[in-house]
Amino acid sequence: MNTTAAPESHATEHGLSTAGYVRIALILAAITGLEVSTYYVDFGRLFLPALLIMMVIKFVMVVSYFMHLKFDNKVFSWLFYTGLILAVGVYCAALATFKFFG
Amino acid sequence: MWFTLDNLATAHDTHEGAAHSSTGLSNVKLGMWLFLGTECLLFGGLISTYMLYRGRVGTGPRPSQVFDIPFTSVSSFVLLMSSLTMVLAVSAAHKRDDRSTNLWLVITALLGATFVGGQVYEFTAFYNEGMGFSTSLFSSSFFVLTGFHGVHVTVGIIMLLALRGMLKNNKVPGSRAETVEMIGLYWHFVDIVWIIIFTLIYLIPA
Amino acid sequence: MANIENFATPSSAMGALKRPVVTKGWREWVFTVDHKKLGIMYMATAMFFFVVGGLEAVLIRLQLALPNGKILNADLYNQMFTMHATTMVFLFVMPMAAGFANYFIPLQIGARDVAFPRINAFGFWALLFGGLFINLSWFLGGAADGGWFMYAPNSGPIFSPSHGVDFWALGLQIAGIASLTGAINLIVTILNMRAPGMKLMRMPIFTWMILVVQFLLAFAVPVITVALFLLSFQRNFGATFFDVAAGADPLLWQHLFWIFGHPEVYILILPSFGIISEVLPVFSRKPLFGYPFVVFSGAAIGFVGWGVWAHHMFASGLGPVSVAVFSISTMAIAVPTGVKIVNWTLTLWGGKLWFTTAMKFAIGLIVLFTIGGLSGVTHSVAPSDTQQTDTYYIVAHFHYVLFGGAVLGLFSGFYYWWPKMFGKMLNEKLGTWNFWFMVIGMNLTFGPMHILGLQGQPRRMYQWTENRAGEGFFNLAFWNLIASIGSLVLVVGVFLFLVNIFITARSGKVAPLDPWGARSLEWMTSNPPKEHNFDSIPTVHHLDEFFHRKYAEDANGQMQQIATAEEVLKQLEDNADAHIHMPSPSYWPIVIAFGLPVTCLGVIYSIPLAIFGGLIILMGAFGWALEPSTAPDTDFDPPSSSNTSKDVVHVG
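Parameters at a glance
Residues numbered from 1 in each chain as written. Chains lettered and ligands numbered in written order. Predicted model: local features only at pLDDT ≥ 70, side-chain atom pairs only at ≥ 80, totals over all residues. Heavy atoms only, no water. UniProt positions renumbered as here; feature names shortened; annotations may be inferred. Helix = DSSP H or I, 4+ residues; strand = E, 2+ residues; numbered from the N terminus. Buried < 20%, exposed > 50% of the residue type's maximum accessible area, 1.4 Å probe, protein only. Contact = heavy atoms within 4.5 Å. Areas by Shrake-Rupley, 256 points an atom, 1.4 Å probe, with all protein chains shown as cover. Axes fitted to C-alpha atoms, helices over the stretch in contact; angles between N-to-C directions. Parallel < 35°, antiparallel > 145°, perpendicular 65-115°, else oblique. Left-handed = near helix turned anticlockwise from the far one by under 90°. Polar contact = N/O pair within 3.5 Å; in protein donor to acceptor, adjacent residues only side chain to side chain. Buried area = accessible area lost by both parts, 1.4 Å probe. Nonpolar A, V, L, I, M, F, W, Y, C, P; charged D, E, K, R; others polar. Salt bridge = Lys/Arg side-chain N within 4 Å of Asp/Glu carboxyl O. Domains from an automatic or database assignment. Core = buried A, V, L, I, M, F, W, Y, C linked by side-chain atoms within 4.5 Å. pLDDT = per-residue confidence, 0-100. Phe/Tyr/Trp six-rings, centres within 6.5 Å; stacked < 30°, edge-to-face > 60°. Expected span 1.5 Å × (residues − 1).

- Per an unreviewed UniProt entry, chain C goes by the name cytochrome-c oxidase and belongs to freshwater metagenome.
- Looking at chain C in UniProt, the text filed under Subcellular location (unreviewed entry) is "Cell membrane".
- Within the UniProt record for chain C, the comment given under Pathway (unreviewed entry) is "Energy metabolism; oxidative phosphorylation."

- According to the UniProt record, the Subcellular location (unreviewed entry) comment for chain A is "Cell membrane".

## Some points on the overall build of chain C
Then, number 1: Summing up its helical and strand segments, chain C has 18 helices and 7 strands in all.
Then, number 2: Based on the C-alpha atoms only, the size of chain C along its principal axes is roughly 80 × 70 × 50 Å.
Then, number 3: Here chain C holds 652 residues, and the buried ones make up 64% of them.
Then, number 4: Partitioning the intrachain contacts of chain C with sequence separation of at least 6 by distance along the chain shows that 81% fall at a separation of at least 24.
Then, number 5: Entry remark: accessible area of chain C is about 23000 Å², with carbon and sulfur atoms responsible for 70%.

## A look at the overall build of chain A
Then, number 1: Counting secondary structure elements, chain A contains 4 helices and 0 strands.
Then, number 2: For chain A, the succession of helices and strands along the chain, N to C, is α-α-α-α.
Then, number 3: Put simply, chain A has 102 residues, and 45% of those count as buried.
Then, number 4: Sequence separation of 24 or more characterises 47% of the internal contacts of chain A that already satisfy a separation of 6 or more.

## Here's the deal with the packing of helix H6 (residues 137-168) of chain B against helix H18 (residues 607-626) of chain C
Then, number 1: Running from amino to carboxyl end, H6 of chain B crosses H18 of chain C at an angle of 40°, the nearest separation of the two axes being 12 Å. On the basis of the axis angle, H6 of chain B is oblique to H18 of chain C. Note on packing geometry: the crossing formed by H6 of chain B with H18 of chain C is right-handed. Every residue of H18 of chain C that contacts H6 of chain B at Ile-158, Ala-162 and Met-166 of chain B is listed here: Leu-618, Phe-622, Ala-625 and Leu-626 of chain C.

## Re the environment of Ser-141 of chain B
Then, number 1: As for its placement among the helices and strands, Ser-141 of chain B is situated in helix H6.
Then, number 2: Taking relative accessible area as the criterion, Ser-141 of chain B reaches 2% and is therefore assigned buried.
Then, number 3: In this structure the C-alpha to C-alpha distance between Ser-141 of chain B and Ile-47 of chain B, which are 94 residues apart in sequence, comes to 8.4 Å.
Then, number 4: Excluding its chain neighbours within four sequence positions, the residues that come into contact with Ser-141 of chain B are Thr-49, Tyr-50 and Tyr-53 of chain B together with Phe-241 of chain C.
Then, number 5: A polar side-chain atom of Ser-141 of chain B sits 3.1 Å from the main-chain carbonyl oxygen of Phe-138 of chain B.

## Overview of the interface of chain A and chain C
Then, number 1: Contact with chain A, which involves 13 residues of that partner, is made by 18 residues of chain C.
Then, number 2: Counting the surface lost from both chain A and chain C, the interface buries some 1400 Å², and carbon and sulfur atoms represent 79% of this.
Then, number 3: Across the side of chain A that touches chain C, the residue classes tally to 9 nonpolar, 4 polar and no charged.

## A short note on the side chain of Ser-520 of chain C
Residues and elements named next belong to chain C.
Then, number 1: With respect to the helices, strands and loops of the structure, Ser-520 is situated in the loop between strand E3 (509-510) and helix H15 (545-550).
Then, number 2: Engagement of the side chain of Ser-520 in a polar contact is seen with the side chain of Glu-522, the distance being 2.8 Å.
Then, number 3: Here Ser-520 is in contact with Gln-108, Pro-204, Glu-278 and Phe-546, once residues within four sequence places are set aside.

## Quick look at the pattern of salt bridges
All names here are of chain C.
Then, number 1: Going through the model one piece at a time under the given rule, you end up with 17 salt bridges over all chains.
Then, number 2: The salt bridge partner of Arg-112 is Asp-577, with a shortest N-O separation of 2.7 Å. Of this pair, Arg-112 sits in the loop between helix H3 (74-108) and helix H4 (117-136) while Asp-577 sits in the loop between helix H16 (565-574) and strand E6 (579-581), and the two are 465 residues apart along the sequence. For the pair shown, Arg-112 and Asp-577 are each scored as buried.

## Considerations on the domain arrangement of chain A
All names here are of chain A.
Then, number 1: Here chain A is described as being made up of domain 1 (11-71) and domain 2 (73-102).
Then, number 2: A straight line from the C-alpha centre of domain 1 to that of domain 2 covers 21 Å.
Then, number 3: Together domain 1 and domain 2 conceal approximately 440 Å² of surface at their shared face, both sides included; 66% is due to carbon and sulfur atoms.
Then, number 4: When residues of domain 1 are sorted by the area they lose upon contact with domain 2, Phe-59, Val-63 and Leu-69 head the list and together hold 79% of the total.
Then, number 5: Remark: the boundary between domain 1 and domain 2 carries 0 salt bridges.
Then, number 6: At the boundary of domain 1 and domain 2, one finds 0 residue pairs in polar contact (both at pLDDT 80 or more).
Then, number 7: Among the residues forming the side of domain 1 that touches domain 2, the class breakdown is 4 nonpolar, no polar and no charged.

## A few points about the UniProt feature "coiled-coil region" (unreviewed entry) in chain C
Then, number 1: If you check UniProt for "coiled-coil region" (unreviewed entry), the listed places come out as residues 555-582 of chain C in our numbering.
Then, number 2: Taken end to end, residues 555-582 of chain C is 36% helix and 21% strand, and its first and last C-alpha atoms sit 44 Å apart.

## Points about the nonpolar core
Then, number 1: The biggest cluster of nonpolar side chains holds 316 residues, and the ones touching the most others in it are Phe-80 of chain A, Phe-67 and Phe-142 of chain B together with Phe-100, Trp-253, Leu-270 and Tyr-416 of chain C.
Then, number 2: It is helix H6 (residues 205-237) of chain C that contributes the most residues to this core, 23 residues altogether.
Then, number 3: Split by domain, this core shows at least three residues from each of two domains, domain 1 (11-71) and domain 2 (73-102) of chain A.
Then, number 4: Once residues within four sequence positions are removed from consideration, Tyr-416 of chain C is found in contact with Glu-278, Val-279, Val-282, Phe-283, Ala-358, Trp-516, Ala-518, Glu-522 and Trp-523 of chain C.

## Description of the interface of chain A and chain B
Then, number 1: Contacts between chain A and chain B engage 45 residues on the former and 57 residues on the latter.
Then, number 2: With both sides pooled, the region where chain A packs onto chain B buries about 4800 Å², and carbon together with sulfur makes up 79% of that total.
Then, number 3: There are 1 salt bridge connecting chain A and chain B.
Then, number 4: A salt bridge links Lys-29 of chain B to Asp-72 of chain A, with the nearest nitrogen and oxygen atoms 2.6 Å apart.
Then, number 5: At the junction of chain A and chain B, the tally comes to 4 residue pairs in polar contact (both at pLDDT 80 or more).
Then, number 6: Within the residue set of the side of chain A that touches chain B, elements represented by two or more residues are helix H1 (10-14), helix H2 (18-40), helix H3 (47-66) and helix H4 (74-97) of chain A.
Then, number 7: Considered class by class, the residues forming the side of chain A that touches chain B number 33 nonpolar, 8 polar and 4 charged.

## As for the UniProt feature "transmembrane region" (unreviewed entry) in chain A
All names here are of chain A.
Then, number 1: Mapped onto the present numbering, the UniProt feature "transmembrane region" (unreviewed entry) falls at residues 21-40, 46-66 and 78-101.
Then, number 2: For residues 46-66, helix accounts for 95% and strand for 0%, while the C-alpha atoms at its two ends are 29 Å apart.
Then, number 3: Annotated as residues 78-101, this span is 83% helix and 0% strand, and its ends, taken at the C-alpha atoms, are 29 Å apart.

## Let's talk about the confidence of the model for chain C
Residues and elements named next belong to chain C.
Then, number 1: Chain-level pLDDT for chain C is 90 on average; 93% of the residues reach the 70-or-more range.
Then, number 2: This model gives residues 1-16 a pLDDT under 50, and the stretch forms 51 contacts once residues within four places in sequence are excluded.
Then, number 3: Low pLDDT, under 50, characterises residues 635-648; the predicted model gives this stretch 28 contacts beyond four residues in sequence or across chains.

## Focus: the packing of aromatic side chains
Given two aromatic rings, one states the distance between the centres and the angle between the planes to describe the pair.
Residue and element names in this part refer to chain C.
Then, number 1: Following the criterion strictly, the structure yields 89 aromatic pairs over all chains and no others.
Then, number 2: Consider the rings of Trp-148 and Phe-149, whose centres lie 6.1 Å apart with planes at 65°: the pair is edge-to-face.
Then, number 3: Given a relative accessible area of 11%, Trp-148 falls into the buried group.
Then, number 4: Judged by centre distance (5.3 Å) and plane angle (75°), the ring pair of Phe-283 and Trp-516 falls under edge-to-face.

## So, the packing of H2 of chain A against H3 of chain A
All names here are of chain A.
Then, number 1: Two elements in contact, H2 and H3, have axes separated by 10 Å at closest approach and are oriented at 160°. In terms of orientation, H2 and H3 fall into the roughly antiparallel class. Seen along the crossing, H2 lies across H3 with a hand that is left-handed. Contact residues: H2 offers Tyr-21, Ile-24, Ala-25, Ile-27, Leu-28, Ile-31, Thr-32, Leu-34, Glu-35 and Thr-38, while H3 offers Phe-47, Leu-51, Met-54, Met-55, Ile-57, Lys-58, Met-61, Val-62, Tyr-65 and Phe-66.
Then, number 2: Its residues assigned to classes, the contact of H2 with H3 comprises 16 nonpolar, 2 polar and 2 charged.

## Quick look at the environment of Val-395 of chain C
Residues and elements named next belong to chain C.
Then, number 1: Its place among the elements puts Val-395 in helix H12 (residues 392-422).
Then, number 2: Between the C-alpha atoms of Val-395 and Thr-189, which are 206 residues apart in sequence, the distance is 36 Å.
Then, number 3: Discounting residues that sit within four places of it in the chain, Val-395 has contacts with Met-449 and Arg-459.

## Thoughts on H18 of chain C
Then, number 1: Its 20 residues give H18 of chain C an end-to-end C-alpha distance of 29 Å, which sits within 8% of 28 Å, the value for a rise of 1.5 Å per residue.
Then, number 2: Ala-610, Gly-613, Ile-616, Gly-620, Gly-623, Trp-624 and Leu-626 of chain C are the residues of H18 of chain C that are buried.
Then, number 3: Those residues of H18 of chain C that are buried lie in contact with H6 of chain B together with H4 and helix H17 (588-605) of chain C.

Here is the structure:
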């Protein structure tokens, strides 16, 4: 593990400031509030797509900003999203054979 | 990807020193991201099992009968905020601000413990409402999925506290900032899994 | 010469136990983190399980040699075929490939060790303990008996009341952890530890195929982890995930198993493809034909391999759309495989062929794998597959690809790399006998199974009766007997290999530096390689770097020798790095790995034991975390003055 080779200040150059992180957290909190509101307010036909879209936005925001993927080397994104896309692909296909999607 | 890696490699060739890394990236970080990629397939399988079985309640309670959305919303919010405190710990570690790093690590662990405590409470409540582990396919798949997630959070808490102790006693082998960052990546991953679970399992009714 | 300090004694290791001090006798192996030692340990373990699995196969064939076989009862027969397959897949081919990968990947990419040496050691011990754990069930009430893919309801308590399936599920879980950690380790190693100039498209094909395999493993293992967890929860804690009576879908298991299981078959075959892609060019005296095609077809197999799993389930009533989709994707995956066969054949074309034993096994693979591949294509046609499902035709198919493909490739690797690993040449004459007995034996054993299967003999019947054996050419009695005789021929073949190892160890010819006129970096070091692999890390300028250091084009465009292997090696030695710190041995890998089977035994028998196992793991994890992977300078006694100088080279 040649961790010592990596300069320690490297990642902060690309990360956000404290205020930036707090702003991201506030947006995440707001989206969560909106998500929870679907439990009380009837969104009609928008219910399902709205929830899924908000879920994806929150997911991507945490991965991109809190986990630095947006600022980091593309190789990391490549490794992680390969796993994610593979998982979504095979499991949706498997669920489809059970007629899960209608 | 090939080209990215190779360009990095070329740039690195000029660099003397045999503790080399062909891509210029850290081994640990590459390994961690790959591990998180593989975890997607683990949780994907558990979530799919739940999705398939969520409506099969037998004589037991239905999801909508036991879920307490306001309660779970609060604990979801707590876990989400622990991601903020975690990233602040990582940021402080990169600035070599030991005091803040320690503080944020402890707060993160406390938020995580609050979440796990909430989960224990929730499980107990479900059990008292007649939803045991083997009551129905729904209950088994629910407990396995959220239980696995809870175990991941618990492991994260242990790592956070151990890390804090090691930082304090100056016992972290290798780069301190990177170690904090790696545990941070794990922690955020646990959080994004819960983002998915909260929507798919709790908010979308069976 | 390089001054190797990895044997210096770390005096003040952190953690509960002191760092292992020098390494002699058994300690040299038990606490090692050296990728070469671990590679050999992987191979020895795999060889042991190969013999175990082989004996199980012989018992199966003896049972079926004659009508109304009496050697095994039905119950024991079920255990035998389940454990035969489990052993061969998980405890022989996979660890053997892991052994080759461990030993040769760092050498082929010009590295001194893997990225995470301790994780490497942990992976080996977890595999060994997992394998022993599964086989422990033989002595504790009977082994797993539901077939290697353990479909429900055969995996449930009604049809499998012993603890066999519990041992099977938990043992595979342990082996899976080993595979996962190994995969992450090797991927990071290949991406990050390459010598200067070793671009991806200059990597040897074996390294490429292992890279693809490790990606498959990394993403496939978690899927079976889920399946095995669900099974364990069902059997040990009262869940009903695969219990139809409780309203479950037993197909869920089939999906999870085969989402893992199909990438798994490429995990089994691609390492052998990689091995013969090294062997064929060397013994054809030509570069590999179409290197990029072999690389990209390997990557394509790795990719498409994720979209074909349901062809194992054509007979399960998936519905016409699913069957059509998976049928087409299965036909498609034959294309990149075919590309490889064409490339190998064209590598042979016009070459100066040298029929060493390694070469014979490689050519054997091309021929026999092609037969197995073609019968595989017949399965992709869903209607014909419906007739073939669960017959001996399937057994014939997968033994042609796994024995004719994977196993022959591994044997090719043994003969090719033995001098590299042990500094002695395996006996070529005995090797030829070894080869012919194995090839004839395998064709006698598995060839007749095509006929048996198309005649309708089910793959898991434990007895057959004479009055239903049929007549003439298609007489089941005749072909069953031939298959059983063939299995004994195979046994002789494998036995000859073991004899060859024994003879070579006692009185084998000492290997010259470059016995085959090889092309890749692993030969650019002594036989066997030094602890630190290379005295100085070579800078790579070509694909087949070692070859290009020995040969260059003259004015007429002809390849002429410009240096001997000895001269190339001398050049590296003259530029040797002064001080090389190799990763230090560690107790923790084996401690954590030992905690796993303890925990699993506890899951089956008593929860307090499981908690105790968990504590072992936790303690090991703390020891591990507190211990630097390389002992720090101050840990050395006396502190080595050279450690402060700039020319110290840290590895791993």
